[in-house]
Amino acid sequence: MVTLGLAGRTLRAHVASFVASFLALALGALLVTVCAGLLETGIRSDIPPQRLRTAPVLVTGVQDYRGEALAERDRLPGRVADQVAEVPGVARAVTDVSFPVRVLRPGIRRQAGPLAGGPDVTGHGWSSARLTPFRLVSGRAPTGPGDVVVDAAMAARLHLATGRALPVLADGKAVTLRVTGVAAAAGAQAPAVFVTDARAQSLLPRPGRVDTVAVYPGPGVSAAGLARRVGRALPPGTALVLTGAQRGRAEFPAAAGQSTDLIALASVSGGLMILVAVFIVASTLALSVQLRRRQIALLRAVGATPAQLRRMVLAETLLLAGPAAAAGVLPTWVAGRRLLAALAEHGLAASRLAYHQGAVATVTGAAIAVVTGLVAARVAAREAIRVRPVEALAAEDGPAPPVSRARIAFGLLFLAGAVALALVTGLVFDGPVAASTAAPSAMLWAISLGLLGPVIARPVLWLPARIAAALAPRAGHVAMLTVRSRSARAAAMITPVMLATGLICALLYMQTAQQAASGHAYARQLRADLVISAPGGLSPSVAATAARLPGVRAVSPLVTSDGFVNVPRGADPDDVNDIPLEGISGAAAGQVTGFAVRTGSLAALRGNAIAIPSDLERPGRRRGDVVTLRFGDNATARLRIVATVATARGYPVLLLPAPLLAAHTTTGLASQVLVATDGNVTAAALQRAARGVAPGAMVSGRPAVLTAFDAGQQSGAWVSYLLIAALAAYTAVSLVNTTVAGIARRRPQLRLLRLAGASRRQMARAMTIDAILVSVAGIALGTLVALATLLPFDRALGTPGLPAGPRWIYLAVVGAAAVLTIGVTQVSTRLASTSPGRTR
């Protein structure tokens with residue numbers, strides 16, 4: 001109780017010095033808890049069903065392969081519905097088929113451009129209308145291939161009534177349907193249209209398959225029991241049987257992949273935040289304890305034992321960490337929901353994913369903050385109890401204690417880890433995957449230099465201090481003497497500058513380097529003069545139409561997806577990685593793409609053929625060999641290698657015939673049509689002639705396509721910039737706290753300078769030079785951290801040298817760090833009580 005009472009009185013007496021620790025702990029709890037909430041959200045992957053909500057059990061295709069999300073919807077064979085219907089306890093089994101539809105505004109079907117299309121809706125077979133349920137409010141059900149039923153909300157918005165014509169774009173083709181009925185459902189629903197079941201099947205890339213089987217139990221049968229029966233009746237691994245909130249995965253299959261991405265994002269961000277939190281909280285608490293060095297010496301002088309001092313420091317931290325952790329986790333629910341909404345807005349998370357932050361995530365975030373504080377306090381207490389009692393009588397703090405062997409050992413250990421990760425980044429990994437080791441290596445470099453700071457501070461400051469003494473003989477000489485005698489304390493102020501400069505520059509330039517490498521790889525692969533695109537995709541038949549346009553030399557559809565090649569039995573799930581797939585026309589590939597052929601010919605890309613990157617060649621995987629490819633819809637095929645091509649390092653791609661790949665995508669459409677022109681026509685003339693190739697089509701030149709690709713990369717990088725912004729805020733708080741605490745600790749020295757006759761202006765000039773020296777040293781070490789991270793990473797990207805990206809990023813970061821350090825120093829010096837009447 002005595003220790004707790006003393007700790008409480010110490011907190012009340014040193015409010016200013018403990019505010020920094022409180023802020024660091026609270027911010028750490030906030031960031032870690034939000035990351036933990038996103039991790040729980042991704043793991044639970046709860047997406048409440050909407051249109052399929054009335055069915056207690058849903059059967060759908062497997063949406064992942066060995067832990068990796070599939071790029072396309074894994075549709076079920078139609079016979080699965082018959083198998084499910086025969087399971088005891090099943091009252092009825094209803095199939096559902098979905099396909100994208102774009103409503104075209106009447107009168108502009110033949111125009112091209114982004115405004116040619118109306119709303120995007122989802123089409124279904126009429127038999128699945130009972131799942132919501134949709135009920136006819138007027139008209140009749142569709143019976144012929146040209147009939148359609150629209151939902152009431154869309155009918156009101158587009159002024160549709162029975163008997164009206166409805167031009168739509170379905171399966172990449174413009175067709176005119178006749179509205180035979182209007183249906184309504186209880187509650188808000190996404191726009192939907194219904195056609196006959198036969199017409200819905202004809203619009204799928206592989207007819208005869210279904211998206212989902214909705215299962216309704218008979219009397220007295222529970223949903224959980226029915227799900228177990230259905231699961232046992234189906235072959236293992238062929239389908240997912242979903243109940244409860246998991247049913248939304250059947251309605252929104254892309255959410256499975258987005259949840260996987262969210263798990264990876266939260267794990268990486270949370271791990272990095274924990275490392276930063278531990279480091280900053282430890283530094284802040286250690287500085288807080290050092291500020292009370294003389295008070296602790298006085299306690300030693302009056303008989304306090306080391307164990308009592310250790311308990312006092314731990315009690316202070318516990319009294320501080322508890323409220324700080326509570327304050328940090330209070331806004332996390334709101335912050336987490338808003339962050340998830342922002343991620344969904346940028347396409348990085350499912351828009352209907354339910355945010356979860358349970359007790360485990362909340363307690364984990366708070367516990368990490370408290371434990372971090374206690375561990376940091378334990379380390380700080382170990383240094384504090386080494387103070388000599390005689391220091392209580394000194395006019396100012398005595399010399400800093402020597403750097404402990406444990407600190408040096410840990411510093412060297414982290415340094416060895418940073419070197420190891422840098423070697424792995426530069427020598428083992430290729431392409432963007434190297435970021436998985438480059439980002440942690442940046443943190444290890446920063447921690448190692450922070451721990452070794454008291455050892456390296458003096459040699460790092462030697463040259464800047466000499467220059468300062470030469471340029472400003474009086475104030476500069478005082479600053480030089482100060483950093484020489486207080487190098488260990490200067491290291492505490494250098495560390496946050498180094499951390500801010502090194503981490504922020506490393507992470508920012510990692511992002512710009514990835515974007516530049518990706519853009520370069522895309523530019524190398526694209527040789528087409530013009531690219532035709534349309535919202536939702538294009539029918540591969542558009543290529544044949546475009547080939548008849550004047551001035552066109554070669555045309556190829558471009559179908560994109562992801563798949564897996566030759567995954568052996570028993571392979572470790574962690575070693576299973578998807579690879580991009582591109583479907584093109586072999587006859588035109590050499591003119592519209594820039595792949596350099598190493599062996600074989602791309603003209604042979606027809607039927608069950610494949611071209612692979614030369615980097616993937618090995619025995620059993622060369623030209624003429626047969627490989628097994630798993631498509632994005634989980635189907636497999638044995639394909640013969642007809643060519644090998646050179647691809648950018650770290651950006652492999654498998655080339656297939658466009659019709660083969662299109663049959664294994666969700667929509668069966670091409671994302672683009674690539675066009676090569678002869679030299680006798682201009683791009684503008686071809687753009688005018690291309691109108692009418694497809695409703696809503698846009699024709700863009702190669703420069704515009706590359707610019708749009710770079711813009712898309714920027715949009716995807718949004719989450720990385722958000723993480724960097726959080727780190728910047730955290731390190732800025734640490735920098736301000738450390739600077740203010742450092743000035744407060746030097747208050748006796750400043751009073752002594754005033755007593756010796758120094759004016760306030762001279763004292764401010766000396767402190768400004770001090771701050772400049774700290775900034776220069778911190779920026780130099782931070783630059784070293786950034787370069788040690790980026791040089792191996794750029795080598796992994798295949799672009800050795802300085803990182804790609806604007807130089808103003810570096811100038812802005814180091815400028816902000818310097819201005820913040822110098823500005824806070826000047827303000828703190830002016831506010832500090834430096835009257836010469838007192839020196840203690």
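Quick notes on the rules
- Residues numbered from 1 in each chain as written.
- Predicted model: local features only at pLDDT ≥ 70, side-chain atom pairs only at ≥ 80, totals over all residues.
- Heavy atoms only, no water.
- Pairing = 2+ DSSP bridges.
- Helix = DSSP H or I, 4+ residues; strand = E, 2+ residues; numbered from the N terminus.
- Axes fitted to C-alpha atoms, helices over the stretch in contact; angles between N-to-C directions.
- Contact = heavy atoms within 4.5 Å.
- Patch = residues over 30% accessible without salt bridge, like charges linked within 9 Å, V, L, I, M, F, W, Y side chains within 5 Å.
- Areas by Shrake-Rupley, 256 points an atom, 1.4 Å probe, with all protein chains shown as cover.
- Salt bridge = Lys/Arg side-chain N within 4 Å of Asp/Glu carboxyl O.
- Parallel < 35°, antiparallel > 145°, perpendicular 65-115°, else oblique.
- Left-handed = near helix turned anticlockwise from the far one by under 90°.
- Nonpolar A, V, L, I, M, F, W, Y, C, P; charged D, E, K, R; others polar.
- Core = buried A, V, L, I, M, F, W, Y, C linked by side-chain atoms within 4.5 Å.
- Buried < 20%, exposed > 50% of the residue type's maximum accessible area, 1.4 Å probe, protein only.

Asks: Can you help me understand the sheet that holds strand β14 (residues 212–217) in this one?
Replies: Picture the strands of a sheet paired through backbone hydrogen bonds; they go either parallel or antiparallel. Spatially, β5-β14-β1-β15 is the arrangement adopted by the 4 strands of the open sheet, whose pairing is antiparallel. If you trace the sheet from one side to the other, it starts and ends with β5 (90–96) and β15 (240–243), each paired once. Going across the sheet, the axis of each strand differs from the next one's by a mean of 25°, ignoring polarity. Strand direction decides the pairing type here: strand β1 (residues 57–60) and β14, joined by 4 bridges, are antiparallel. The residue bridging L58 from the neighbouring strand is A214, located in β14. Against the sheet, helix α6 (residues 223–233) makes contact with β1, β5, β14 and β15, and its axis sits at roughly 180° relative to β15, the strand it touches most.

Asks: Explain a nonpolar patch on the surface here, please?
Replies: A surface patch of nonpolar side chains, amounting to about 370 Å² of accessible area, comprises V419, L423, L427 and V428. As for its placement among the helices and strands, L423 is situated in helix α13 (residues 405–427).

Asks: For this particular structure, what's the right way to read the pairing of strand β11 (residues 173–184)?
Replies: Each regular strand displays side chains that alternate between the two surfaces of the sheet. Where strand β8 (residues 135–139) meets β11, 4 bridges bridge the pair, whose relative direction is antiparallel. Looking across to β11, one finds that L136 is bridged to A183. Here 5 bridges tie strand β9 (residues 147–151) to β11, and the two strands are oriented parallel to one another. Residue pairing across strands places D151 opposite A183, the latter belonging to β11. Bridging between strand β10 (residues 165–170) and β11 involves 6 bridges; their strand directions are antiparallel. Each bridged residue has a counterpart across the sheet, and for P167 the counterpart in β11 is T176.

Asks: Quick question: what am I supposed to make of the packing of α13 against helix α14 (residues 435–451) here?
Replies: Each pair of packed helices can be summarised by the angle the axes make with each other and by the distance between the axes. One way to put it is that α13 packs onto α14 with a least axis distance of 8 Å and a crossing angle of 155°. Comparing their axes, α14 and α13 come out roughly antiparallel. Remark: the crossing between α13 and α14 carries left-handed chirality. In this structure, α13 contributes R407, F410, G411, F414, L415, G417, A418, V419, L421, A422, V424 and T425 to the contact, and α14 contributes T437, A438, P440, S441, L444, W445, I447, S448, G450 and L451. Considering only residue class, the contact of α13 with α14 consists of 14 nonpolar, 7 polar and 1 charged.

Asks: Help me understand the nonpolar core, please; the structure alone is not making it clear to me.
Replies: Counting 86 residues, the largest nonpolar core has M273, M443, M510, Y730 and F793 as the members making the most contacts within it. Among the elements that make up this core, the one with the highest residue count is helix α17 (residues 487–525) (19 residues). If near-sequence neighbours (up to four positions away) are discounted, F793 is found in contact with T425, A434, A435, A438, M510, A513 and Q514. Among the nonpolar cores identified, the runner-up in size contains 37 residues, and V80, V84, V101 and A170 belong to it.

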